[in-house]
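Given next are the chains, with one letter for each unit.
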Amino acid sequence: MRVQGKEWLELEEDAQKTYVMGLLDRLEVVSRDRRLKVARAVLYLAQGTFGECDSEVDVLHWSRYNCFLLYQMGTFSAFLELLHMEIDNSQACSSALRKPAISIADSTELRVLLSVMYLMVENIRLERETDSCGWRTARETFRSELSFSVHNEEPFALLLFSMVTKFCSGLAPHFPIKKVLLLLWKVVMFTLGGFEHLQALKVQKRAELGLPPLAEDSIQVVKSMRAASPPSYTLDLGESQLAPPPSKLRGRRGSRRQLLTKQDSLDIYNERDLFKTEEPATEEEEESAGDGERTLDGELDLLEQDPLVPPPPSQALLSAEQVAFPKGLPWAPKVRQKDIEHFLEMSRNKFIGFTLGQDTDTLVGLPRPIHESVKTLKQHKYISIADVQIKNEEELEKCPMSLGEEVVPETPCEILYQGMLYSLPQYMIALLKILLAAAPTSKAKTDSINILADVLPEEMPITVLQSMKLGIDVNRHKEIIVKSISALLLLLLKHFKLNHIYQFEYVSQHLVFANCIPLILKFFNQNILSYITAKNSISVLDYPCCTIQDLPELTTESLEAGDNNQFCWRNLFSCINLLRLLNKLTKWKHSRTMMLVVFKSAPILKRALKVKQAMLQLYVLKLLKIQTKYLGRQWRKSNMKTMSAIYQKVRHRMNDDWAYGNDIDARPWDFQAEECTLRANIEAFNSRRYDRPQDSEFSPVDNCLQSVLGQRLDLPEDFHYSYELWLEREVFSQPICWEELLQNH
């Protein structure tokens, strides 16, 4: 790019600003082709003017510099107007609807606009110590513009959500949905904050509510965890045929001694071959895995019967290494107020024959060991922010007049929730529809949405090389969609939970109603090792590498070889996000935990433990822990290695009878009532805080006769035509019984 005879990198800042202003002026022209040409010039600047750079570092540096410059000159606002025009372009929508097959050419303008906006958001979002004061100020200004309604317009994230629902409804099938979802994820991360910012907000909010500080930083604890050797599991059908059946093993003399010896050898921290089968899968496990597939098929019609023989394992991710015993458990145990009350209720019933309700201080008549137990429980008592919010909500519902109107701070999270509130079910259904279409185990259906509109070329490939390249592009495209949706949903749930627990519960319920739980289980009902070690990328075509180096000639051999990475971080990130999402939906919800049991999730989750990554294993073990009490004694006896891993890695809840199944919560009699009560509480919260009807029962009443009679009422236009007739019929012709009137009063 040459300006005034000089290259872009040689220009002074004032000259660069002048040139950008000229580009923005030319965006105002009527001609669509000329606007697209100027937009591509802006995209070249946002990508780092790579034609004048010598290294990848230079490209990234100038991309960042140019994005700040473009924002300061008002480029984002100009592109936002163009995006509104493209969204409302009915001609493009009708043209796409008429076409039998939509290709990448149908979304050229939208892809250029979204690419520029994505680069600006991503470059400005990332903070560096070397940033100048002007850049820091610009970042905060940009965050405010994206977070709050500017010029009576909705927040930018809501515009992108509306694009997602419009795409899923079939009204705009040409939208480049991958770019829309990526931009939406980054905008939410920029405006609300990432996971580290969330942790800081949580610490700040606990201090404001007068709660004790957190015992540990969960992010740091998970970072310091080591991966465990996965439990043994039959991978090949031949191995299960060669092994003696479990019924014969149980019938042999001395089998009890063999079982005890085998359980002693199931230590989670010894060095083993990951794929050495120590024991065949039990009949119950094999049968439950098959039943789980059939159950999920009936729920979503999604399942495929894939063989579970893994590819050669990645040595970097899956090598079995010698691990030392940890010095104690990684998490501090927690106790809820409800647990202390339940423990005292049982103790009082046992020793003194009556209870004292929620009183946890009176210990008269209880033996000394019970006193020590209560003391220990109270030492580890944990009061969450959600507990305080629920208690405050109950008080506001009971005493709305005396407590007055609640003061709700206008935070970016609160504003986003208010904007999403009335269309939130449609947003969640749309995201899950796209996630379903992008899942690697989904079958192609005629009625499913087409998420490949912005990756398929106009002319289909005719050579083997072109077909291979397109296949890699399609798989990469789906992986990025899964990554962006999983991260977006997790961010929304975590931020809404911190802002108010009932906002989190509202989103969670709609995800559950839209079959999110079986969908995630369906996603994991594949060879997860193969998915995480997939190589659906061509490194020489990745940005910014492709802009600097001369592209080598692609061959079928180079495409088959892939890159040097032993595993795909993108897919590992997606798997962890989906597991965390499943944990969020099912935690402390017994009805949803029963859904995990009904869909036979235990074998599916147990196979995921074969990935030697500590964070992924932690969330799999959490999901297994909450349902062990429902799986029966035989399952627990057959999976002692998994039980040991749960004990070593998952936080302990005192009085939680997860390993034995004797807990009162394991009795499935009021699951529907639990969900209905939660829904009623959510509706009461949304109604109280966001619905403000004028004629409510607390509105003032005018008791003055003169004032009431003097009010002017809006009557229909034809009322004066029939007024005399109405008087005759309703007043004059009706006899007045004065005696009856006096008797009634």
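A quick note: this is a predicted structure, and the numbers were derived from the prediction, not measured. (Residues numbered from 1 in each chain as written. Predicted model: local features only at pLDDT ≥ 70, side-chain atom pairs only at ≥ 80, totals over all residues. Heavy atoms only, no water.)

Q: Help me understand the overall build of the protein chain, please; the structure alone is not making it clear to me.
A: Secondary structure assignment for the protein chain yields 39 helices and two strands. Carbon and sulfur atoms provide 53% of the accessible area of the protein chain, an area that totals close to 39,700 Å². (Helix = DSSP H or I, 4+ residues; strand = E, 2+ residues; numbered from the N terminus. Areas by Shrake-Rupley, 256 points an atom, 1.4 Å probe, with all protein chains shown as cover.)

Q: What am I meant to see in unusual backbone geometry here?
A: Negative phi values dominate among residues other than glycine, just as trans dominates among peptide bonds. The residue after Tyr543, namely Pro544, is reached through a cis peptide bond having omega 0 degrees. Structurally, Pro544 can be placed in the loop between α26 (528-532) and α27 (545-548). Phi is positive for Thr49, which is not a glycine, with a value near 40 degrees. With a phi close to 65 degrees, Asn515 is a non-glycine residue in the positive phi region. Along the chain, Asn515 falls in the loop between α24 (501-513) and α25 (516-524).

Q: I would appreciate a short explanation of the side chain of Asp454 in the present structure.
A: Mapping Asp454 onto the fold places it in the loop between α22 (424-438) and α23 (464-499). Look at Asp454: it is buried, it has no salt bridge, and the nearest opposite charge is Lys178 at 5.5 Å. Other than its neighbours up to four places away in sequence, Asp454 contacts Ile104, Ser107, Arg111, Pro176, Ile177, Lys178, Lys179 and His477. (Buried < 20%, exposed > 50% of the residue type's maximum accessible area, 1.4 Å probe, protein only. Lys, Arg positive; Asp, Glu negative; His and termini not counted. Salt bridge = Lys/Arg side-chain N within 4 Å of Asp/Glu carboxyl O. Contact = heavy atoms within 4.5 Å.)

Q: Would you mind showing me how to read the pattern of salt bridges here?
A: When charged atoms on two side chains of opposite charge get close, those side chains can pair. The full count for this structure, using the stated rule, is 24 salt bridges. Lys17 is paired through a salt bridge with Glu13; the nearest N and O atoms lie 3.5 Å apart. Here Lys17 and its partner Glu13 are both found in helix α1 (residues 13-26), four residues apart, which amounts to about one turn of the helix. One salt bridge in this structure joins Arg139 and Asp131, with 2.6 Å as the shortest N-O distance. The class of Arg139 is buried, set by a relative accessible area of 2%. Within the structure, one salt-bridge network assembled from shared partners comprises Glu393, Glu406, Glu414, Arg688 and Arg689.

Q: Looking at this structure, I do not really get the packing of aromatic side chains. What am I missing?
A: For any pair of aromatic rings, geometry is given as the distance between the ring centres together with the angle between the planes. Throughout the structure, instances matching the rule amount to 19 aromatic pairs. Relative to Tyr427, the ring of Phe161 lies with its centre 4.9 Å away and its plane at 25 degrees, an arrangement referred to as stacked. Placement of Phe161 in helix α8 (residues 156-168) and of Tyr427 in helix α22 is noted, with a sequence separation of 266 residues between them. Phe161 gets classed as buried once you look at its relative accessible area, which sits at 0%. Residues Phe523 and Tyr531 carry aromatic rings whose centres are separated by 5.3 Å and whose planes lie at 85 degrees to one another, so their mutual orientation is edge-to-face. Taking relative accessible area as the criterion, Phe523 reaches 2% and is therefore assigned buried. Ring-pair connections join several aromatic residues into one group, and the members of that group are Tyr417, Phe496, Tyr502, Tyr506, Phe685 and Tyr690. (Phe/Tyr/Trp six-rings, centres within 6.5 Å; stacked < 30°, edge-to-face > 60°.)

Q: Any chance you could explain helix α19 (residues 385-398) here in plain terms?
A: Think of an α-helix as 3.6 residues a turn; residues three or four steps apart then line up on the same face. Taking 1.5 Å per residue as the helical rise, α19 with its 14 residues ought to reach 20 Å, and the 20 Å between its terminal C-alpha atoms agrees with that figure. Looking at the packing, one finds that the buried side of α19 touches α10 (195-208), α20 (400-403), α23, α24 and α36 (671-690). (Expected span 1.5 Å × (residues − 1).)

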